[in-house]
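# Architecture and fold: a report
The residues making up each chain are set out below.
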Amino acid sequence: MSDIELLSALNDDWFEEDIPPAEAVVLHGGCVKGSPDVILYDIDLRILEGECFGIVGPGGAGKTTLLHVILGLKHLSTGKVELFSSFPTSRLRRELSIGYLPQFTEIPQNVPATLMDYVLMGLRNVRGPFRRVTRMDMLYMENLLMALHLEHKINQPVGYFSPGDQHKIQIIRALAAEPNLLVLDEPFQRLDPQGRKVLVRLLADLQRRNNATIIITAQDGEPLTAICDNIACLNHSLLWITESDQINSEVWADPCNCIPIQDEGESDEMDEFESVSEERDSYAPHNHPIQFWR
Amino acid sequence: MDIQYAIDQFMGDKNLQMLFLSVILTGLLCSLLSTFVVIKRMALAGTGIGGAALTGAFVGIALFPALNITEWRILAISGASAFSVALIIMSLKRFAAAWTDALLGVLVIGILVLWIISVLQWGVEIPDLTVYLIGSSRIMTDLDLYILSGATSLVFIIVLFCFKPLCAICIDADYAKVLGNRVGLLEFTFIGLLTATVLFSIYYVNYLFTVAMLIFPGLCGRLVSVQLRKMVFVSIILGVSSCVLSVFLSKAIIDWPSTIILVVIQLALAVLFFGSNRIRALNA
């Protein structure tokens with residue numbers, strides 16, 4: 001190895017070690033007031049670029065609202081949100097490549113689109129008004145369709161598919177642009193075990209190739225452990241955040257009433273979190289009795 | 001009547017040629033937006049906006065009795081009236097409640113009654129009503145034709161530039177918003193284009209033509225295809241060809257107003273496409 005190559009390799013190592021990943025999402029003191037209840041209360045959240053972040057919580061806990069806040073579709077009553085260091089506006093959403101899977105609602109029968117038109121919609125913000133879909137995009141799309149066994153139905157009207165297939169179609173649309181930020185609202189809910197495996201594989205693939213930031217919500221957190229780096233439990237306020245490998249299957253029985261605690265001395269951040277959470281829970285809107293779980 | 005004679009007569013009559021071109025251009029304008037009107041369930045909107053434009057025109061005549069209905073001040077009042085009603089309709093459409101369609105119907109009926117009252121009160125004579133309904137209020141000049149061509153080109157360019165976002169909000173408005181499309185601005189642009197189209201179409205042709213051309217071509221396109229692009233294409237082809245056919249039939253074969261023939265042709269096409277659509281659905 002020549003001196004220049006050695007220097008270059010050292011420099012690469014130096015850069016890799018010293019530049020931390022950028023923050024994809026930052027939420028500070030985020031509150032959303034609904035009528036009459038508080039939907040989100042004092043949310044502090046930091047998601048790094050390239051991270052896969054899971055949010056678990058019961059139905060009506062504010063998971064979808066939190067995703068809407070992150071995407072800039074809903075405004076905070078108080079607090080601050082940043083998406084890739086900017087306030088999330090429609091302009092930012094146009095500039096970023098974002099994939100989004102909304103919480104499942106059936107696609108109406110009168111929607112004027114075939115399966116292909118519908119999934120191609122996911123490419124609209126990256127392709128602009130006059131640019132055509134490239135051969136590479138089509139190949140990737142075909143791969144996604146094949147993975148979820150929908151490749152032979154591309155010309156059928158999207159409103160006439162079964163709810164399970166419609167859910168898969170919406171997942172394909174979210175993945176279509178190979179986004180940098182992928183936001184999935186309860187993606188595992190309507191998938192069979194095989195479909196879940198395929199989705200986990202597709203997400204891992206996207207994260208590896210694109211360094212994509214992925215945010216996933218679920219009512220049942222177990223499938224999230226296979227893909228997420230960190231998982232948080234939300235029930236109007238954040239009850240806990242931890243690394244996914246710190247959680248065992250017992251916690252999923254009642255995630256809102258158990259707090260997984262890391263071993264002592266392992267994380268200062270976690271200690272800090274616990275002390276903050278005790279103070280915050282004293283005036284939280286839904287103050288559940290919390291068991292500490294180890 | 002001999003068809004060759006009719007063609008010769010057409011070739012020699014400049015007024016007839018102007019009328020023909022104006023009908024084609026307004027037909028093109030209306031049928032371009034027709035698909036979006038049908039998909040966005042705004043069929044009543046064209047009727048309401050048209051009624052409001054005419055009501056505005058007659059209110060304008062009441063305010064400025066010395067002016068002709070084609071003067072710009074009257075047109076401005078008419079346009080303002082049409083655009084205000086368009087905005088009310090757009091606001092109403094945002095509510096997904098069951099009463100919104102009923103309220104829209106009440107609004108449109110109210111506007112039509114206001115129009116008739118305004119004609120009776122401030123119109124020169126009763127036949128005015130039928131002229132605006134199925135006739136043509138003006139003789140086309142070269143300038144009119146230039147204005148109409150310019151307006152048609154402008155609307156075409158705007159629709160072409162906004163086509164993908166417009167399709168996106170027709171397919172899934174919430175997802176379009178996530179992608180960064182300004183849904184509110186697009187809706188506003190669409191309603192603006194629709195109001196301008198209705199105004200041009202009423203002033204250069206008539207009310208019934210405008211309402212029919214905003215509904216029938218889009219409906220036929222919807223019955224023929226499930227893809228928005230194809231729907232728009234079918235809508236334009238059917239809209240323009242039925243305009244040409246109706247003017248030709250009216251001048252050469254049947255001595256009826258061309259608008260009435262147009263509505264009959266488009267009604268027949270809609271019934272035909274609806275029938276074939278049902279048969280296809282049953283076979284599937």
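It should be noted that the structure appears before, not after, this text.
Please read these numbers as outputs of a predicted model, since none were measured by experiment.

Reading guide: rules and limits
Residues numbered from 1 in each chain as written. Chains lettered and ligands numbered in written order. Predicted model: local features only at pLDDT ≥ 70, side-chain atom pairs only at ≥ 80, totals over all residues. Heavy atoms only, no water. Axes fitted to C-alpha atoms, helices over the stretch in contact; angles between N-to-C directions. Helix = DSSP H or I, 4+ residues; strand = E, 2+ residues; numbered from the N terminus. Left-handed = near helix turned anticlockwise from the far one by under 90°. Contact = heavy atoms within 4.5 Å. Nonpolar A, V, L, I, M, F, W, Y, C, P; charged D, E, K, R; others polar. Salt bridge = Lys/Arg side-chain N within 4 Å of Asp/Glu carboxyl O. Parallel < 35°, antiparallel > 145°, perpendicular 65-115°, else oblique. 1 Å grid on protein atoms, 1.4 Å probe; cavity = no way out; pocket = protein on both sides within 12 Å on 5 of 7 lines; lining within 4 Å. Points joined across faces, edges and corners; volume = space filled by probe spheres on them.

### Some thoughts on the packing of helix α3 (residues 43-63) of chain B against helix α4 (residues 72-94) of chain B
All names here are of chain B. For the pair α3 and α4, interaxial distance at closest approach is 7 Å and the crossing angle is 145°. Seen from above, α3 lies across α4 with right-handed handedness. Together, Ala45, Gly48, Ile49, Ala52, Ala53, Gly56, Ala57, Gly60, Ile61 and Leu63 of α3 and Ile74, Ile77, Ser78, Ser81, Ala82, Val85, Ala86 and Ile89 of α4 make up the contact between the two elements. For the contact of α3 with α4, the class distribution of residues is 13 nonpolar, 5 polar and no charged.

### Let's talk about the pattern of salt bridges
Pairs can form between side chains of opposite charge whenever their charged atoms are close. Residue and element names in this part refer to chain A. Scanning the model with the defined rule gives 10 salt bridges over all chains in all. Between Arg91 and Glu95 there is a salt bridge, with the nearest N and O atoms lying 3.4 Å from each other. In this pair, Arg91 and Glu95 both sit in helix α3 (residues 90-95), 4 residues apart, roughly one turn of the helix. The partner of Asp205 in a salt bridge is Arg208, and the shortest N-O contact between them spans 2.9 Å.

### Quick look at the packing of helix α8 (residues 163-178) of chain B against helix α11 (residues 228-252) of chain B
All names here are of chain B. At a minimum axis distance of 11 Å, the contact between α8 and α11 shows a crossing angle of 110°. Here α8 lies roughly perpendicular to α11, going by the angle between them. Between α8 and α11, the contacting residues are Phe163, Cys167, Cys170 and Ile171 on the first element and Leu228, Arg229 and Val232 on the second. Its residues placed into classes, the contact of α8 with α11 shows 6 nonpolar, no polar and 1 charged.

### Overview of the layout of surface pockets
In this structure, the largest pocket spans a volume of roughly 1,700 Å³. Lining the largest pocket are 48 residues; nearest its centre among them are Lys93(B), Ile169(B), Cys170(B), Ala173(B) and Glu187(B). Mapped by element, the contributors of at least two residues to the lining of the largest pocket are α2 (63-71) of chain A together with α2 (14-39), α4, α5 (99-122), α8, α9 (183-204) and α10 (207-224) of chain B. Top element by residues in the lining of the largest pocket is α8(B). It accounts for 9 residues. Residues of the lining of the largest pocket, tallied by class, amount to 28 nonpolar, 7 polar and 13 charged.

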